[in-house]
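Here's the letter readout for the chains.
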Amino acid sequence: MKNENLNELRIKNLIDGYTFDKEKKQYRCIFCEETYDEGYIYEYNGKMVSAEKRILLHIEDEHNGVFFSLLGLEKDITGLTDIQKKLLNLLADKKTNKEIAEEMDIAVSTVRTHKFYLQKMKRQAKIFLALMETLKIEEHKEKNVNLESEDKEQFETDKMLSINSLHPFFTQYNLK
Ligand SMILES: [Zn+2]
């Protein structure tokens, strides 16, 4: 998964591990771009499965599930420290605080502190996401209100040009 694709994905897509293209009627894996067409029946281990079921099986088989695929992304993308990553790994394996403490060679109270901090990060990430989404909406409103129809066309053209000419890293800030 690339950074520039990430900006286009919703939280739901990240949790599901796939997107659904309504026009193409296609499910697409967010990790490898593999697609499955809706309306087709796929054979899987001697069973017939729907496209949606097939992509879920694909994510399990090829990517070890959504959780570990997301966790395995580069540090630059996840923003997680090695300790947080390790902790999340152990939590996914349903380890108790005591087991985690032993495995990480830290005190049980430290495990609790780490877990508390993860919850705090989650709340902060929500607020940050809401702020960024609100900012996007406000920017959009402002532009639409101030533009006459002719300018609006120019604006759309400019937007297209900037999308096509800029490095992917920058286009994520211009899109939408
Ligand atoms: Zn895939």
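Preceding block: the structure.
All of these numbers come straight from a predicted model, not from anything done at the bench.

## Overview of the overall build of the protein
Helix and strand counts for the protein come out as ten helices and five strands. With 176 residues in all, the protein has 24% of them scored as buried. Of all intrachain contacts in the protein linking residues separated by at least 6 positions in sequence, the fraction that spans at least 24 positions is 37%. A total accessible area of about 13,100 Å² is found for the protein, and carbon and sulfur atoms account for 53% of it.

## Section: the nonpolar core
Grouped together as the largest cluster of nonpolar side chains are 16 residues, with contacts concentrated most on Phe31, Ile55 and Ile59. Sorting the residues of this core by element identifies strand S2 (26-29), strand S4 (41-44) and helix H3 (51-63) as the ones contributing at least two each. Those residues in contact with phenylalanine 31 that sit more than four places away from it in its chain are Met1, Gly17, Ile59, His63, Val66, Ser69 and Leu70. In this structure, Leu80, Leu87, Leu90 and Ile100 belong to the second largest nonpolar core, which totals ten residues.

## A few points about the environment of arginine 54
Inspection of the secondary structure assignment puts arginine 54 in helix H3. With a relative accessible area of 16%, arginine 54 lands in the buried category. For the pair arginine 54 and threonine 35, spaced 19 residues apart in the sequence, the C-alpha separation amounts to 9.8 Å. Beyond its immediate sequence surroundings of up to four residues, arginine 54 is in contact with Tyr36, Tyr42, Glu43, Tyr44 and Val49.

## Examining the packing of aromatic side chains
The tally for this structure, following the rule as stated, stands at four aromatic pairs. When the centroid spacing of 5.2 Å and the interplanar angle of 85° are considered together, the rings of tyrosine 36 and tyrosine 42 count as edge-to-face. As far as burial versus exposure is concerned, tyrosine 36 and tyrosine 42 are alike and both buried. Relative to phenylalanine 68, the ring of phenylalanine 67 lies with its centre 5.2 Å away and its plane at 85°, an arrangement referred to as edge-to-face. Phenylalanine 67 sits in the partly exposed class, given a relative accessible area of 39%. Through a chain of ring-to-ring contacts, the aromatic side chains of Tyr18, Phe20 and Tyr27 assemble into a single cluster.

## A few points about helix H6 (residues 82-92)
Inspection of H6 places Gln84, Leu87, Leu88 and Leu90 among the buried residues, and these make up the whole buried set. Considered in projection along H6, the buried side chains sweep an arc of 165° and stay on one side of the axis. Positive phi appears at lysine 94, one or two residues downstream of H6, with a value of about 60°.

## So, the layout of surface pockets
Estimates place the volume of the second largest pocket at around 330 Å³. The set of elements that each furnish at least two residues to the lining of the second largest pocket consists of strand S1 (18-21) and S2. It is S1 that contributes the most residues to the lining of the second largest pocket, three residues altogether.

## Topic: a negative patch on the surface
Taken together, the side chains of Glu34, Glu60, Asp61 and Glu62 make up a negatively charged region of the molecular surface. Tracing the sequence through the fold places aspartate 61 in helix H3. The exposure class of aspartate 61 is partly exposed, given its relative accessible area of 45%.

## Digging into the coordination of the zinc ion
Within the protein, the zinc ion binds to Cys29 (SG), Cys32 (SG), His58 (NE2) and His63 (NE2); these donor distances fall in the range 2.0 to 2.2 Å. Metal-centred angles of 102 to 117° between the four donor atoms at the zinc ion mark the site as tetrahedral. Motif for the zinc ion, donor spacing along one chain: C-x2-C-x25-H-x4-H. Accessibility expressed as a relative area gives 0% for cysteine 29, which makes it buried.

Calculation notes
Residues numbered from 1 in each chain as written. Predicted model: local features only at pLDDT ≥ 70, side-chain atom pairs only at ≥ 80, totals over all residues. Heavy atoms only, no water. Helix = DSSP H or I, 4+ residues; strand = E, 2+ residues; numbered from the N terminus. Buried < 20%, exposed > 50% of the residue type's maximum accessible area, 1.4 Å probe, protein only. Contact = heavy atoms within 4.5 Å. Areas by Shrake-Rupley, 256 points an atom, 1.4 Å probe, with all protein chains shown as cover. Core = buried A, V, L, I, M, F, W, Y, C linked by side-chain atoms within 4.5 Å. Phe/Tyr/Trp six-rings, centres within 6.5 Å; stacked < 30°, edge-to-face > 60°. Arc of directions from axis to C-beta. 1 Å grid on protein atoms, 1.4 Å probe; cavity = no way out; pocket = protein on both sides within 12 Å on 5 of 7 lines; lining within 4 Å. Points joined across faces, edges and corners; volume = space filled by probe spheres on them. Patch = residues over 30% accessible without salt bridge, like charges linked within 9 Å, V, L, I, M, F, W, Y side chains within 5 Å. Salt bridge = Lys/Arg side-chain N within 4 Å of Asp/Glu carboxyl O. Lys, Arg positive; Asp, Glu negative; His and termini not counted. Charge placed at Lys NZ, Arg CZ, Asp CG, Glu CD. Donors = N, O, S within 2.8 Å, 3.2 Å for Na, K, Ca; no water. Tetrahedral: all angles 85-135°; square planar, octahedral: opposite > 155°, others 65-115°.

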